[in-house]
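Observations on the three-dimensional arrangement
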Amino acid sequence: MLKHQCVCGDNSGHLEHSGRLQSIWARLQETGLVARCERVRSRKATLEELQSCHSEGYTYLFGANPLNRQRLDMSKIEDLPIKSFVVLPCGGIGVDSDTTWNELHTSGAAKMAAGCVIELAMKTATKEIKNGFAVVRPPGHHAEHRQAMGFCFFNSVAIAAKQLRQKLRLERILIVDWDVHHGNGTQQIFYDDSHVLYISIHRHDEGNFFPGTGGPEEVGVDNGVGFNVNIAWSGGLSPPMGDAEYMAAFRTIVMPIAREFNPEIVLVSAGFDAAVGHAPPLGGYKVTASCFGQMTRQLLQLAEGRVALALEGGYDLTVICDASQECVRALLGDNILPLREEEMIRKPCQAAVETLKRTVDIQAAHWPCIKRWAHTIGYSLVEAQQKEKEEVETVTALASLSMVHGTQPGSVFPLGVVSAASISPSSSPSSVIATGDVASSTPPEVDSRQRTPERSPPPAESEEPMDQDTDAK
């Protein structure tokens, strides 16, 4: 995966480069986190696996080795949107002005990235490991059925989800995408699928931010209606979104819907380009490493902790190292950095409040559970936690009052204490995936909802307090 680079040989002009993996891996090693994780053997995805999400012609064009590509039957690729590669200003070759192509190494790297994510997801789903983080490149969530774009060739997370459905027969898979750019490829692949719930939090600006897809009204089609949720931030950077806005989105939309869906596994397209340090054309937001850790920790409350993260975007090396570190610490159950006090007491900005209310208005028809939290959209995190505490205390008091007045044996109490569902610790290790290039010790190489199998009851709803590239991708 390190050898995938522009043939110009100058990474300074290319945001998506091998230094991203090297930096993250070095950070995880120097902090001792790698030593506490099980390494999962890297492998390349097969053409058959790739074709679970991409067309036959597409997989042969971008997935065949150079010799076989030269003998490719052109009739297989004549219907693809791409008709030719482009010459970049640096002298290199690309699918478009951002997405570089290296004839010798790009195909292998993209297949390796997809294979690693598949392996991590499969081992997590079968409980061989508890959870994990795939440190891979190139990213994948922009790759569509027949189109490469935004640095992406094969949609690794989507392919992994398809393999979980086909090989393990999982019925409920949750994909959470917090990359600042909408995962247009992932949305497209599962747009009519009721077994895969896709939730994306991204900058949208009414379609004026790359890739332009992901509006809140895009909820799915046919059997997939209601299983596509877009939290599409608008309002530009006045002000930029930060921890307060992302925590509000998780509190009022992401987690309530996820709990009701009750997934068997959670896959995360973990792009870190919403993090502070990215220039406006790349995101311009102010999300901290702590916030990424907090979001990871909340997702661990789902699916008995079976959560698999896969690296997507993120181009400021220090920032993506910080964010990766906090996510891995969360996966390991360590204490993570608390949110800054000013973010905990800050209310979400007005643009964020409007986005969240619009999302609730659209999704409430499919997920009525979010109505309960709609009135808290404008709360700060501290206010929301205080309100939750007061509600629990009220319910407890009323339940106690009912018991004082007495009931007949076998009667049903009308009220009860709301408590967070506990997750039993697992003896299975957490896992970090790396390529053979990064670490030599690893060898390289109904409406729709009614048609879905009946859901298990979700755990009680209660929040766990916080511990405190050019233009567009």
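Residues numbered from 1 in each chain as written. Predicted model: local features only at pLDDT ≥ 70, side-chain atom pairs only at ≥ 80, totals over all residues. Heavy atoms only, no water.

The subject of this paragraph is the overall build of the chain. Counting its regular elements, the chain contains 14 helices and 10 strands. Of all 473 residues assigned to the chain, the portion counted as buried reaches 58%. Looking at the chain as shown, the accessible area adds up to about 18500 Å², and 52% of this sits on carbon and sulfur atoms. (Helix = DSSP H or I, 4+ residues; strand = E, 2+ residues; numbered from the N terminus. Buried < 20%, exposed > 50% of the residue type's maximum accessible area, 1.4 Å probe, protein only. Areas by Shrake-Rupley, 256 points an atom, 1.4 Å probe, with all protein chains shown as cover.)

Attention now moves to the nonpolar core. In this structure, Phe62, Trp178, Trp233, Tyr246, Leu267, Phe272 and Phe292 are the most contacted members of the largest nonpolar core, which totals 125 residues. Per-element accounting of this core gives the leading share, 12 residues, to helix H5 (residues 106–125). (Core = buried A, V, L, I, M, F, W, Y, C linked by side-chain atoms within 4.5 Å.)

This part takes up the pattern of salt bridges. For the structure on display, the rule yields 21 salt bridges. Arg20 is paired through a salt bridge with Glu16; the nearest N and O atoms lie 2.7 Å apart. Grouping residues by exposure puts Arg20 and Glu16 together as buried. In this structure, Lys127 and Glu304 form a salt bridge, with 3.6 Å as the shortest nitrogen-oxygen distance. Separated by 177 residues along the polypeptide, Lys127 in the loop between H5 and strand S4 (131–134) and Glu304 in the loop between helix H9 (289–299) and strand S9 (307–311) bring together distant segments of the chain. Relative accessible area serves as the criterion here: at 55%, Glu304 is assigned to the exposed category. Salt bridges here are not isolated pairs; linked through shared partners, they connect Glu245, Arg340, Glu342, Glu343 and Arg346. (Salt bridge = Lys/Arg side-chain N within 4 Å of Asp/Glu carboxyl O.)

For the structure shown, the criterion picks out 14 aromatic pairs. Arranged with centres 5.0 Å apart and planes meeting at 80°, the rings of Phe272 and Phe292 form a pair that is edge-to-face. One end of the pair, Phe272, is in the loop between strand S8 (265–270) and H9; the other, Phe292, is in helix H9, and 20 residues separate them in sequence. Considered together, Phe272 and Phe292 belong to a single accessibility category, that of buried residues. The structure contains a cluster of three or more aromatic residues connected by ring pairs, namely Tyr58, Phe62, Phe85, Trp101, Phe153 and Phe154. (Phe/Tyr/Trp six-rings, centres within 6.5 Å; stacked < 30°, edge-to-face > 60°.)

So, on to helix H10 (residues 317–332). With 16 residues, H10 ought to run about 22 Å at 1.5 Å a step, and its terminal C-alpha atoms sit 23 Å apart, in line with that. For H10, the buried fraction is high: 12 of the 16 residues fall into the buried class. All of the buried residues in H10 are Val319, Ile320, Cys321, Ala323, Ser324, Gln325, Glu326, Cys327, Val328, Ala330, Leu331 and Leu332. Among the residues of H10, the N-terminal cap falls to Asp316, whose side-chain oxygen and the backbone nitrogen of Thr318 are separated by 3.3 Å. (Expected span 1.5 Å × (residues − 1). Polar contact = N/O pair within 3.5 Å; in protein donor to acceptor, adjacent residues only side chain to side chain.)

Moving on, we come to the pairing of S4. Taking every second residue as pointing to the same face, both faces of S4 are buried, with Asn131 and Phe133 on one and Gly132 and Ala134 on the other. The pairing of S4 with S9 spans three bridges and is parallel. Each bridged residue has a counterpart across the sheet, and for Gly132 the counterpart in S9 is Ala308. (Pairing = 2+ DSSP bridges.)

What follows concerns the state of the cysteines. One pass over the full model with this rule turns up zero disulfides. Looking at Cys6, it has no disulfide partner, and the nearest cysteine sulfur is the one in Cys8, 3.5 Å off. Judged by relative accessible area, Cys6 falls into the buried class, the value being 4%. (Disulfide = S-S within 2.5 Å.)

This next bit is on the pairing of S9. Summarising burial for S9: five of the five residues are buried, a large majority. Neither face of S9 is open: one carries Val307, Leu309 and Leu311, the other Ala308 and Ala310, and all of them are buried. Relative to S9, S8 runs parallel, the two sharing five bridges. From the neighbouring strand, Ser269 faces S9, where its bridge partner is Ala310. Taken together, S8, H9 and S9 form a β-α-β motif whose crossover is right-handed. (Right-handed = clockwise from strand over helix to strand, strands pointing away.)

Turning next to the environment of Ala26. Here Ala26 shows up in helix H1 (residues 19–30). Relative accessible area serves as the criterion here: at 36%, Ala26 is assigned to the partly exposed category. Distance in space between the C-alpha atoms of Ala26 and Cys321 is 8.7 Å, their sequence separation being 295 residues.

With that out of the way, let us pick up the packing of helix H8 (residues 243–261) against H9. The N-to-C vectors of H8 and H9 enclose an angle of 15°; their axes lie 10 Å apart at closest approach. Between H8 and H9, the angle is such that the two are roughly parallel. When you trace H8 past H9, the crossing you get is right-handed. Here Asp243, Tyr246, Met247, Phe250 and Met255 of H8 come into contact with H9, specifically with Cys291, Gln294, Met295, Gln298 and Leu299. For the contact of H8 with H9, the residue count by class is seven nonpolar, two polar and one charged. (Axes fitted to C-alpha atoms, helices over the stretch in contact; angles between N-to-C directions. Parallel < 35°, antiparallel > 145°, perpendicular 65-115°, else oblique. Left-handed = near helix turned anticlockwise from the far one by under 90°. Contact = heavy atoms within 4.5 Å. Nonpolar A, V, L, I, M, F, W, Y, C, P; charged D, E, K, R; others polar.)

Here we take up the confidence of the model for the chain. Atom-level detail of predicted coordinates should not be read off regions where pLDDT is low. Here the chain shows a mean pLDDT of 86. Residues at 70 or above account for 82%. In the model of the chain, helix H14 (residues 448–451) stands out as the element of lowest mean pLDDT, 40, in contrast to strand S5 (residues 173–177), which has the highest, 99. Below pLDDT 50 for its whole length, residues 407–427 participates in 23 contacts with residues either more than four positions away or in separate chains. With pLDDT under 50 throughout, residues 434–473 is counted as low confidence; its partners more than four residues away or in other chains account for 129 contacts. (pLDDT = per-residue confidence, 0-100.)

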